[in-house]
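# Secondary and tertiary structure notes
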Amino acid sequence: MRDYCATALKSLALNARGDFEFIVVDDCSTDGTFEILQREIRKVPGGVLHQNPQNSGISYTRNAGLRMARGRYVVFLDGDDWFAPGYLSQLVAAIEHFGCDFVRTDHVRVVGRKREIVRSPQAVRNTMLAPIRSIMPADASTMVDYPLVWAGIFDRELLARRGLLFFDEKLRTAEDRMWTWRLHLYTSSYVAVDLAGIFYRRDVSTSLTRIPDERQLDFVPCFEQVAHEVSAHPWGAQILPKVIRTFCAMMAIHLDRADTYEPDVRALLKSRVSQALDGLHQPLLERTLEEMGERRAKLINSVRGGAPVPPAPSVQEPAAPQRSEYLRQVPAPGANRYRVGAPA
């Protein structure tokens, strides 16, 4: 982050407002980033610098900032990205205009000197929508496939009341997917708008996504937990196919690049994927693999344990969502945990 953090902080200064606070959290960096932050934070009105006592990962770091936050709304920014001048005021105006739980935006993808606007998967713009109705269909990219938490603004107070504010610190990667799924399962409203004021750098060599170590395998426990919670949700019967489809797609991506992992991590990847496949609802898994195409199905079948296929489930129309009950319905981990049907 050393080469980029000054740009990030300058963009904060260009968004400063009397009622904004900017909480900058350094994850105990050792490359000189913290020294740059100490110098540059003085130029950011409302800026506060905090350093973790030890390197603790992105979930802990985001949570550290969230614990310090006092404002009604919250926005995220990674250290190698930046905001357009005045962008944050536009975000606040949008969420206050619609009075919704959160607002999602497009973003600008930056590769070298190239700039490209990337639209969120939601085609309906400037309209209040129910987050849960933006999860399906299973075979198309939807808002849960857009887990870019820095592309939007969120009602911090509402998320805190519902137990949705913090990231799962057990996850070293895929924490944003878990967070996004929970927003769509347990909140009431959101709006997608035509704003693209966040600049996201791709292909940064120091990015965690470029490091092929064991942390990349945390997509497995992430989707196992998502499957737990979806199974307990009143809409579980309709939504579980999307969980399995996305889970399998990520398995195929990682298995396809398994040769980039060290032998011990590669073996661990195959073992964890195999165990996860055994825990999925087998008829839904079979249907998913048929729909995903021969190449990806072959990759996934190469590590399957050959679990017996139980009878197909009956899919019923979901009852009206009762979001106050969702979190209490999350089942404890255990065998046969991806059943389809109404919650117990």
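Here is a short report on the structure shown in this document. (Residues numbered from 1 in each chain as written. Predicted model: local features only at pLDDT ≥ 70, side-chain atom pairs only at ≥ 80, totals over all residues. Heavy atoms only, no water.)

## Observations concerning the overall build of the protein chain
Spelled out, the test is: We count a stretch as a helix when DSSP gives it H or I for four or more residues in a row; a strand needs E for two or more, and each element gets its number in order from the N terminus. A 1.4 Å probe rolled over the protein chains alone gives each residue an accessible area, and that area as a share of the maximum for its type sets the label: buried under 20%, exposed over 50%, partly exposed in between. In these tables, accessible area is a Shrake-Rupley quantity obtained with a 1.4 Å probe, and a residue counts as shielded only by the protein chains included in the view.
In terms of regular secondary structure, the protein chain is built from twelve helices and ten strands. Taking all 344 residues of the protein chain together, the buried fraction comes to 50%. Accessible surface for the protein chain amounts to roughly 16,400 Å². Of this, 50% is attributable to carbon and sulfur atoms.

## Examining helix H4 (residues 87-98)
Keep this limit in mind: Between the first and last residue of a helix there are one fewer steps than residues, each counted as 1.5 Å, and that sum is the expected span. The directions from the helix axis to the C-beta atoms form the arc being described. Here a residue-residue contact requires only that any non-hydrogen atoms of the pair lie within 4.5 Å.
Taking 1.5 Å as the rise per residue, H4 with twelve residues should run 16 Å; its terminal C-alpha atoms sit 17 Å apart, in good agreement. Of the positions making up H4, those classed as buried are Tyr87, Leu88, Leu91, Val92, Ala94 and Ile95. Taken down its axis, H4 places every buried residue within 160° of arc, on the same side. For H4, the exposed residues set more than 90 degrees away from the buried face come down to Glu96 and His97. The secondary structure elements touched by the buried residues of H4 are strand S1 (22-26), strand S3 (73-74), strand S4 (82-83), strand S5 (102-104), strand S8 (152-155) and strand S10 (198-201). Looking one or two residues past H4, Gly99 carries a phi angle of roughly 65°, positive in sign.

## Considerations on the packing of helix H6 (residues 175-186) against helix H8 (residues 236-256)
For any two helices packed against each other, one specifies the inter-axial angle together with the distance between the axes. Basically, it comes down to this: Helix axes use the C-alpha atoms of the stretch in contact, all axes being lines fitted to C-alpha atoms, and the angles between their N-to-C directions lie in the range 0 to 180 degrees. Under this scheme an angle from 65 to 115 degrees is roughly perpendicular, one under 35 degrees roughly parallel, and one over 145 degrees roughly antiparallel; angles in between are oblique. Left-handed describes a crossing whose near helix is turned anticlockwise from the far helix through less than a right angle; right-handed describes the clockwise counterpart. Three residue categories are used. Nonpolar comprises Ala, Val, Leu, Ile, Met, Phe, Trp, Tyr, Cys and Pro, charged comprises Asp, Glu, Lys and Arg, and polar comprises the others, including Gly.
The interhelical angle for the contact between H6 and H8, taken along N-to-C directions, is 170°, at an axis separation of 14 Å. On the basis of the axis angle, H6 is roughly antiparallel to H8. In this structure, the crossing between H6 and H8 has a hand that is right-handed. Here H6 contributes Arg177, Trp181 and Leu185 to the contact with H8, which in turn contributes Ile239, Lys242, Val243, Thr246 and Met250. Grouping the constituent residues of the contact of H6 with H8 by class yields five nonpolar, one polar and two charged.

## Here's the deal with the sheet that holds S8
Applicable threshold: Here a strand pair is declared whenever DSSP counts at least two bridges between the two strands.
Taken in spatial order, the four strands line up as S3-S8-S5-S9 in an open sheet, and their pairing is mixed. At either margin of the open sheet sits one strand with a lone partner, and together these are S3 and strand S9 (190-192). When S3 meets S8, the two strands line up antiparallel, connected through two bridges. Bridge pairing links Val74 to Phe154 in S8. Relative to the sheet, H4 contacts S3, S5, S8 and S9, its axis offset from that of S8 by approximately 50°. Across the face of the sheet, H6 comes into contact with S5, S8 and S9 while running at roughly 120° to S5.

## Considerations on the packing of H8 against helix H11 (residues 294-301)
At a closest axis distance of 9 Å, the pairing of H8 and H11 adopts a crossing angle of 80°. On the basis of the axis angle, H8 is roughly perpendicular to H11. Residue-level inspection shows Arg245, Cys248, Ala249, Met251, Ala252, Leu255 and Asp256 of H8 in contact with H11, the latter providing Arg295, Arg296, Leu299 and Ile300.

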